[in-house]
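Observations on the model geometry
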Amino acid sequence: MSRQRAGRRRPSRTGAATRAVPLLALLVPLGGCAPQAPPGDRYPGIQQMLDARARAVRHGDTAALLATVDPSATAFRARQRRLIANLAAVPVTDWRYELLSTDAFALPGGPRGRMAAKVRLSYRLRGYDTAPVTSLQYLTLTERAGRWRISGDTDGAAVGRPGTRQLWDQGPVRVVRGRHSLVLGGAGDPARLRDLANQVDEAVPAVSDAWKGRWSGTVVVEAPDTVGQMAQLLGSGDGDGYTGIAAVTTGEAGASATAPADRVIVNPEAYQELNALGREVVLTHETTHVATRTVTTAATPLWLSEGFADWVAYRDVPDKAATTAPELSHAVADGKTPDSLPTDEDFGFQAGADRLAKAYEGGWLACRMIADKWGEARLLAFYRAAGRTGTESASGRLGPPLEALQAAHHPRPHRSPGSAPAHDRRPERAERLDRAMRDQLGVGLAEFTREWREYVEGQLR
């Protein structure tokens, strides 16, 4: 889901933070308060313990890793004992931890001799990430004999701080390498991982043929064994929230070319229910989000980013439009053609299955109309222009899912909660999109919407 993902449009707070600086500069001297030192400086013993832990992982030293774990935390210690073995096949490098805070959540029984730490893990996959991937962990730390050790990583979940688990936290990781793919999976059926690699290897050339922009040409896929484990990889403890979703793309929208590779996370249950075409469409759609992430920003409306990914996925599929867009076809047949392009809210979990399907079908038909009327080159130019029109920039790595795909005969994406930009209805955003349309297509937003409505009716009747 891209949720560019595929990740993929989180408005930046840079502007607000910048405007607050003069006021803060005045308040600090008046209050007589000096800026607080970073947590790692205030608690050097904790950061040193985390540094030792990182070295242990990098060197594959289980004994050194266990030296950072509270001996009395028997269950947690047993899991940690297996961590390095679980990582054996994974090409990780640059593994590091950074202490971000020591009061990250309320500890059960109070904080006496303990701390609730928020820690950032960063690492790279050798040959795939040109910059570190980051994720958050919420750890319980216990002080014994003047030394801080980790005694658990689950206390935060009860108060909404589950953190993000990785595949190697769940068990041994299998690795399958394709021509254009790296697939990391659980201990389940290895044939499933090879099938995913083969599917991505087919998707990458198809996306490159359609997109024609510069991108890495590689895709990293994570394939957990259960939907519950999928939820953990996305920082959620609720596997039910991903039932029926075949895949989710996470990453950094609007990222530079040196940002870490996106991750396509596959739901083993929903993906297995897809037919051959469905699997092809899912992974081509997700791969499109990976390819376009550097030009997909907070200014890009979801109907365009999701519609474009579907356009690429269905570009070589000979089915009629009515077959690919069944929900919108029913609406047209009932005389209920939408009056406007889909909004970002139409792509939310709370939108409902029918509204969601029509949103994705409407976005796909909008991109298809541009390609039909103005040409594929103009569609690509408009996509890039739409992402350049705003001043907002996306931020955060491996945050909320960018995009997810429903497991239907003709799968449609489904965006996760919180990923739609809060400023979706700002008039200036529509104005910027209108300018991009006029510059690239020669029509404004109102005229484009009218033509889109006519196109939808003409294709689906």
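See above for the structure.
Everything in this summary refers to the structure shown in the same document. (Residues numbered from 1 in each chain as written. Predicted model: local features only at pLDDT ≥ 70, side-chain atom pairs only at ≥ 80, totals over all residues. Heavy atoms only, no water.)

1. Points about the sheet that holds strand β1 (residues 92-101)
In any sheet, the strands associate via hydrogen bonds between backbone groups, in a parallel or an antiparallel arrangement. An order of β1-β2-β3-β4 is seen for the four strands of this open sheet, with the pairing classed as antiparallel. The sheet is open, and its two edges are formed by β1 and β4 (147-152), each paired on a single side. Taken pair by pair, the neighbouring strands of this sheet meet at an average axis angle of 45 degrees, ignoring direction. Sheet topology places β1 next to strand β2 (residues 114-125); seven bridges connect them, and they run antiparallel. Note on β2: the bridge partner recorded for R96 is S122. Along the sheet, helix α3 (residues 44-59) contacts β1, β2, β3 (133-144) and β4; its crossing angle with β1, the most-contacted strand, is approximately 165 degrees. (Pairing = 2+ DSSP bridges. Helix = DSSP H or I, 4+ residues; strand = E, 2+ residues; numbered from the N terminus. Axes fitted to C-alpha atoms, helices over the stretch in contact; angles between N-to-C directions. Contact = heavy atoms within 4.5 Å.)

2. Quick notes on the nonpolar core
By size, the foremost hydrophobic cluster in this structure holds 68 residues, and its most contacted members are W303, F308, W311, L365, F382 and F448. When residues in this core are grouped by element, the largest group, ten residues, is from helix α15 (residues 353-373). Residue-level mapping places this core at the junction of two domains, with at least three residues from each of domain 2 (172-294) and domain 3 (296-390 + 398-407 + 425-460). In this structure, F308 is in contact with W211, T288, T292, W303, C367, L379, L380 and Y383, ignoring residues within four places of it in sequence. (Core = buried A, V, L, I, M, F, W, Y, C linked by side-chain atoms within 4.5 Å. Buried < 20%, exposed > 50% of the residue type's maximum accessible area, 1.4 Å probe, protein only. Domains from an automatic or database assignment.)

3. Digging into unusual backbone geometry
Look at D94: it is not a glycine, yet its phi comes out positive at around 55 degrees. Along the polypeptide, D94 turns up in strand β1.

4. A few points about the packing of helix α12 (residues 302-314) against helix α16 (residues 376-388)
Relative orientation of the contacting elements α12 and α16 amounts to 145 degrees, with a least axis distance of 11 Å. Crossing angle aside, the handedness with which α12 passes α16 is left-handed. Contact residues: W303, L304, S305, F308 and W311 in α12; E376, L379, L380, F382, Y383 and A386 in α16. Tallied by class, the residues present in the contact of α12 with α16 amount to nine nonpolar, one polar and one charged. (Left-handed = near helix turned anticlockwise from the far one by under 90°. Nonpolar A, V, L, I, M, F, W, Y, C, P; charged D, E, K, R; others polar.)

5. Some details on the pattern of salt bridges
Overall, the coordinates contain 22 salt bridges when judged by the stated rule. We note a salt bridge from R144 to D70, for which the minimum N-O separation is 2.9 Å. Of the two residues, R144 is situated in strand β3 and D70 in the loop between α4 (62-66) and α5 (74-81); the sequence distance between them amounts to 74 residues. Judged by its relative accessible area of 2%, D70 falls in the buried class. We note a salt bridge from K212 to D209, for which the minimum N-O separation is 3.9 Å. Accessibility expressed as a relative area gives 58% for K212, which makes it exposed. Residue D209 is classed as partly exposed on the basis of its relative accessible area, which comes to 41%. One salt-bridge network, held together by shared partners, links D209, K212, R315 and E376. (Salt bridge = Lys/Arg side-chain N within 4 Å of Asp/Glu carboxyl O.)

6. Looking at the packing of α12 against α15
Put simply, α12 and α15 touch, their axes get as near as 7 Å, and they point 70 degrees apart. As summarised for this structure, α12 and α15 are arranged roughly perpendicular, according to the angle between their axes. In contact with W303, L304, E306, G307, F308, D310, W311 and Y314 of α12, α15 contributes Y360, G363, W364, A366, C367, R368 and A371. In the contact of α12 with α15, the residues fall into ten nonpolar, two polar and three charged. (Parallel < 35°, antiparallel > 145°, perpendicular 65-115°, else oblique.)

7. Digging into helix α18 (residues 445-460)
The first and last C-alpha atoms of α18 sit 22 Å apart over 16 residues, in line with the 22 Å expected at 1.5 Å per residue. Along α18, the positions that sit buried rather than exposed are L445, F448, T449, E451, W452, Y455, V456, E457 and L460. (Expected span 1.5 Å × (residues − 1).)

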